[in-house]
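# Structural characterization, general
Spelled out from the first residue to the last, the chains are:
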Amino acid sequence: MTLTLYNTLTRRKEPFQPIDPKNVRMYVCGPTVYDLAHIGNARPIIVFDVLFRLLRHIYGEKHVTYARNITDVDDKINARAVERFPKLPPTEAIRKLTEETTAQFHKDIAALGVLPPTVEPRATDHIAEMRVLCDALVANGHAYVAEGHVLFAVGSMPDYGKLARRSLEEMEAGARVDVAPYKKGPMDFVLWKPSKPGEPAWPSPAGIATPGRPGWHIECSAMAGKHLGNVFDIHGGGIDLVFPHHENEIAQSRCAHNTPVMANVWMHNGFLQVEGEKMSKSLGNFVTIKEQIEAQPRQGRKAYKGEVVRFAMLRTHYRQPINWTEDGLEETRKTLENWYTDLADVPEGEISQAVLDALSDDLNTPKAIAELHRLRSNKEHGALKASLQFLGFSTNLEELGIISVAPGTGELQIEGFPPSIAVVTVKQLVDARLAARKAKNWAESDRIRDELAAMGIQLKDGKDPQTGEAITTWEVKR
Ligand code: AMP
Ligand code: ZN
């Protein structure tokens, strides 16, 4: 099994060769913690969680280091903190906002079946490393000081624009006219900037006397360098981060450390869209993870458990756009309900090699899911269970929100149903009816159908598309 990954740097799928198979290193840009994360933000988190699981499977759990940062210094954070907590001193308001948002983020993504990364560095814990980078870049002529700022001189780097495949001339020609007067070149970007009163401030690098704060790009260069080294294996994020964020991370890290690359493989997920447009805070077309998965959604939206959201996300290949719809979620929920029902009493088998092969082909999750469907048709239930669990699914019906544990008795019950009806009963009745049908005992089969209908269970008879065998699926009437 060879792992191949699409590399944005070369625009090709390439066999993955770790620098050190005993320590495979991956960095993914994490959230800026000023507001609740939306479903679009969940996409890179889920996609790179699948890659993290695959790398751990191939190289061993102890041989993969995954760093996903928390950006807790940012202009949006400062603005939102003052808005939310106007009575608190700004630094306290910022701390409260970032702590609260980070805690909710952790809760949200845990519900999506995401493993914690190996390290989760916070920008505010790495200011010293950012200053060191600024100093190094000024000392070697790749950056300069102007009016309390440290700026990166893009003209000093011959292949600036390589990741995004943009030439400096084109970018400069397209630069807006209101470029800050202290910039030597219109595309030069901020590594460090002065803080206004009330904003978070730290002693500045490069001999600047007034206190300041880091720019966004330098934060990731500092955290990646500290935890993964000057050159590491994989760097990931959403496609919108290619330019300028990742281009600038590369410029900073390579020029500070004098290396030919910052990371060997650059991976980017496509957008999650709503009616053809990127889901984003600024467009206002977003659904937060919290409202998508909690039982009290806003505006009459239905809620879906985290595992449904995760599966719906993985039905599309990570580089393609996803159109996020309620129909897609509903269909996913039904699929998982049917599968989890089948798997209730099944012992775990081996992870399917075909699933692993699909994932090893640039994380082809739709192909892996097609394989899961095939396992179910073939009644390879043990392999289905193990493969689902490998992909981050509990295979536990309770996690779909349909079955819950009755408070007094501890019995399993179906949502909205008397506690006496357990899913196992439903499954047994469905099986008994199928047996009656096979024996052409129509009276018994109808009797069981009516019994189930009285319990609020609707049956659908069909044929297995591959084997042609009669099958019956069921769902709770809502
Ligand atoms: P942000 O908080 O905007 O920096 O985004 C955090 C992460 O989510 C980045 O990796 C973005 O590329 C990613 N992201 C934001 N919106 C979407 C979207 N609609 N679809 C997919 N990824 C997104
Ligand atoms: Zn970043």
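Quick caveat, the model's predicted, so the values are computed rather than measured.

### A closer look at helix H11 (residues 353-360)
Three or more residues of H11 are buried, namely Val355, Leu356, Ala358, Leu359 and Ser360. In the core, the buried residues of H11 are packed alongside strand E1 (4-7), helix H1 (39-59), helix H12 (365-377) and helix H13 (381-390). Two or three places before Ala354, at the start of H11, stands the capping residue Ser352, its side-chain oxygen 3.2 Å from that residue's backbone nitrogen. Directly beyond the C-terminal end of H11, a positive phi value near 50° is found at Asp362.

### Points about the layout of surface pockets
Reported here for the second largest pocket is a volume of approximately 1,000 Å³. If you go around the second largest pocket, you meet 30 residues; those closest to its centre are Asn338, Arg376, Ile471, Thr472 and Thr473. Only helix H10 (326-343), H12, helix H14 (423-438), strand E16 (457-463) and strand E17 (470-476) provide two or more residues apiece to the lining of the second largest pocket. Tallied by class, residues from the lining of the second largest pocket come to eight nonpolar, 10 polar and 12 charged.

### Regarding the site of ligand 1
Close to ligand 1 lie 14 residues, the nearest being Gly40, Gly238, Asp240, Leu272 and Met279. Here an oxygen atom of ligand 1 and a side-chain polar atom of Asp240 are 2.3 Å apart. In isolation ligand 1 offers 490 Å² of accessible surface; the protein chains occlude 86% of this area. Listed by contribution, the elements that provide at least two residues to the shell around ligand 1 are H1 and strand E9 (232-238). Ranked by residue count, the leading element in the shell around ligand 1 is H1, at three residues. In terms of residue class, the shell around ligand 1 is built from five nonpolar, seven polar and two charged.

### Examining the nonpolar core
With 77 residues, the main nonpolar core has Leu55, Trp324 and Leu372 as its most contacted residues. If you tally residues by element for this core, the top one is H1, at 12 residues. Not counting chain neighbours up to four residues away, the residues in contact with Leu55 comprise Leu3, Phe16, Val24, Met26, Gly60, Val64 and Ile234. Counting 43 residues, the second largest nonpolar core, distinct from the first, contains Leu9, Cys29, Ala123 and Leu133.

### Focus: the confidence of the model for the protein
Of all residues in the protein, 92% have pLDDT values of 70 or greater, and the mean over the chain is 91. Low pLDDT (under 50) marks residues 416-420, which in the prediction has eight contacts with non-local residues, meaning those over four places away or in another chain.

### So, the packing of aromatic side chains
Tallying each qualifying case throughout the model produces six aromatic pairs. Ring geometry for Tyr160 against Phe189: centres 6.4 Å apart, planes inclined by 25°, an arrangement best described as stacked. Within this pair, whereas Tyr160 is found in the loop between strand E6 (149-152) and helix H5 (168-174), its partner Phe189 is found in strand E7 (residues 189-194), the two being separated by 29 residues in sequence. The same class applies to Tyr160 and to Phe189, which are both buried. Three or more aromatic residues joined by ring pairs make a cluster, and in this case those are Phe152, Tyr160 and Phe189. A cation sits over an aromatic face here: Lys184 above Tyr144, 4.3 Å from the ring centre. Note that Lys281 overlies the ring of Tyr34, its terminal NZ or CZ placed 5.1 Å from the centroid.

### Some details on the environment of Ala312
One can find Ala312 in helix H9 (residues 306-314). Separated by 139 residues in sequence, Ala312 and Glu451 have C-alpha atoms that sit 33 Å apart. Non-local contacts of Ala312, meaning those with residues more than four positions away in its chain, are made with Trp324, Leu329 and Thr332.

### Some thoughts on the packing of helix H6 (residues 216-228) against helix H7 (residues 242-257)
To describe two helices that pack against each other, one gives the angle between their axes and the distance between the axes. Relative to each other, H6 and H7 sit at 55°, their axes nearing to 9 Å. Regarding the angle of H6 to H7, the classification is oblique. Like other packed secondary-structure pairs, H6 and H7 cross with a definite hand, here right-handed. Of H7, the residues touching H6 (which contributes Trp216, His217, Ile218, Cys220 and Ser221) are Pro244, His245, Asn248, Glu249, Gln252 and Ser253.

### Considerations on the side chain of Asn285
For Asn285, the position within the fold is in the loop between strand E12 (277-278) and helix H8 (289-293). A polar contact is formed between the side chain of Asn285 and the backbone oxygen of Lys278, at a distance of 3.1 Å. If sequence neighbours within four positions are ignored, Asn285 has contacts with Val274, Glu277, Lys278, Met279 and Ser280.

### Examining the pattern of salt bridges
If the charged atoms of two oppositely charged side chains come close together, the side chains can form a pair. Tallying each qualifying case throughout the model produces 29 salt bridges. Among the ionic pairs, Asp49 bridges to Arg310, the shortest N-O distance being 2.7 Å. Of this pair, Asp49 sits in helix H1 while Arg310 sits in helix H9; the two residues are 261 residues apart in sequence, bridging distant segments of the chain. According to the relative accessible area criterion, Asp49 is buried, its value standing at 0%. Take Arg310: its relative accessible area is 0%, and that puts it in the buried class. Its salt-bridge partner being Lys290, residue Glu294 comes within 3.6 Å of it at the nearest N-O pair. For Lys290, a relative accessible area of 26% translates into the label partly exposed. Taken together, the salt bridges that share partners define one network made up of Asp75, Lys193, Lys196, Glu199 and Arg213.

What counts, and at which threshold
Residues numbered from 1 in each chain as written. Chains lettered and ligands numbered in written order. Predicted model: local features only at pLDDT ≥ 70, side-chain atom pairs only at ≥ 80, totals over all residues. Heavy atoms only, no water. Buried < 20%, exposed > 50% of the residue type's maximum accessible area, 1.4 Å probe, protein only. Helix = DSSP H or I, 4+ residues; strand = E, 2+ residues; numbered from the N terminus. Contact = heavy atoms within 4.5 Å. Polar contact = N/O pair within 3.5 Å; in protein donor to acceptor, adjacent residues only side chain to side chain. 1 Å grid on protein atoms, 1.4 Å probe; cavity = no way out; pocket = protein on both sides within 12 Å on 5 of 7 lines; lining within 4 Å. Points joined across faces, edges and corners; volume = space filled by probe spheres on them. Nonpolar A, V, L, I, M, F, W, Y, C, P; charged D, E, K, R; others polar. Near = heavy atom within 4 Å. Areas by Shrake-Rupley, 256 points an atom, 1.4 Å probe, with all protein chains shown as cover. Core = buried A, V, L, I, M, F, W, Y, C linked by side-chain atoms within 4.5 Å. pLDDT = per-residue confidence, 0-100. Phe/Tyr/Trp six-rings, centres within 6.5 Å; stacked < 30°, edge-to-face > 60°. Lys NZ or Arg CZ within 6 Å of the ring centre and 35° of its normal. Axes fitted to C-alpha atoms, helices over the stretch in contact; angles between N-to-C directions. Parallel < 35°, antiparallel > 145°, perpendicular 65-115°, else oblique. Left-handed = near helix turned anticlockwise from the far one by under 90°. Salt bridge = Lys/Arg side-chain N within 4 Å of Asp/Glu carboxyl O.

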